[in-house]
Amino acid sequence: MAESLQIPGMELTRGERYALLLPQLQALVAGETDRTANLANLMAALKEAMGFFWVGMYIVRAEELVLGPFQGPVACTRIAYGRGVCGSAWKEARVLIVPDVDAFPGHIACSSASRSEIVLPVFANDRVVAVLDVDSDRLNDFSDEDAIGLGEVVKLISGMFF
Ligand code: SME
């Protein structure tokens, strides 16, 4: 396991930062088999390297999403299927980018400071087993660049659910 992250300078684009970060995330989880430990370190690394306001996992358990490892302010612990951005990404089994959370019907406001959000489903055996949720305190903070970069992170996470 890597001891520390080499954090790219702020002058890089998000896409470039994801590209430099991904091999470090792979190294971070290599050699450890415990899913909770690996997810906890991945969330810490994403928060540190990308400067996200909130980043965390919600894990599918029966008919709900249950809060998993995260970094940022305290958050709601359970989200029903189809509810909020996370529950919708689970139900629709696709990436959701919400530029203005106040304009998303049913958005669950864990923090009033959250303004925009991206949620990516994690697939294992063709089923959604978890979602990765990232919140920003700025409007319109996520783009396809994040969907692609975080999509690679989600592939890494997916391997922990088989
Ligand atoms: N806003 C999310 C809930 C989770 S928090 O943002 C951490 C939603 O609407 O699903």
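Conventions and cut-offs
- Residues numbered from 1 in each chain as written.
- Predicted model: local features only at pLDDT ≥ 70, side-chain atom pairs only at ≥ 80, totals over all residues.
- Heavy atoms only, no water.
- Phe/Tyr/Trp six-rings, centres within 6.5 Å; stacked < 30°, edge-to-face > 60°.
- Buried < 20%, exposed > 50% of the residue type's maximum accessible area, 1.4 Å probe, protein only.
- Lys NZ or Arg CZ within 6 Å of the ring centre and 35° of its normal.
- Axes fitted to C-alpha atoms, helices over the stretch in contact; angles between N-to-C directions.
- Helix = DSSP H or I, 4+ residues; strand = E, 2+ residues; numbered from the N terminus.
- Parallel < 35°, antiparallel > 145°, perpendicular 65-115°, else oblique.
- Left-handed = near helix turned anticlockwise from the far one by under 90°.
- Contact = heavy atoms within 4.5 Å.
- Nonpolar A, V, L, I, M, F, W, Y, C, P; charged D, E, K, R; others polar.

What am I meant to see in the packing of aromatic side chains here?
The relative placement of two aromatic rings is captured by the distance of their centres and the angle of their planes. Tallying each qualifying case throughout the model produces four aromatic pairs. Ring centres of Tyr81 and Trp90 lie 4.7 Å apart, and the angle between their planes is 85°; on these two criteria the pair is classed as edge-to-face. Overall, Trp90 belongs to the buried group, its relative accessible area being 10%. Sitting over the face of the ring of Phe161, Arg35 holds its NZ or CZ atom 4.1 Å from the ring centroid.

What am I meant to see in the packing of helix H2 (residues 35-50) against helix H4 (residues 144-158) here?
Relative placement of two packed helices is described by the angle separating their axes and the distance separating the axes. Following both chains from N to C, one finds H2 and H4 inclined at 165°, their axes separated by 12 Å at the closest point. As far as their axial angle goes, H4 and H2 are roughly antiparallel. Where H2 crosses over H4, the two elements pack in a sense that is right-handed. Contact with H2, carried on its side by Leu39, Leu42, Met43 and Leu46, involves Leu150, Val153, Leu156 and Ile157 of H4 and no other residues of that element. In the contact of H2 with H4, the residues fall into eight nonpolar, no polar and no charged.

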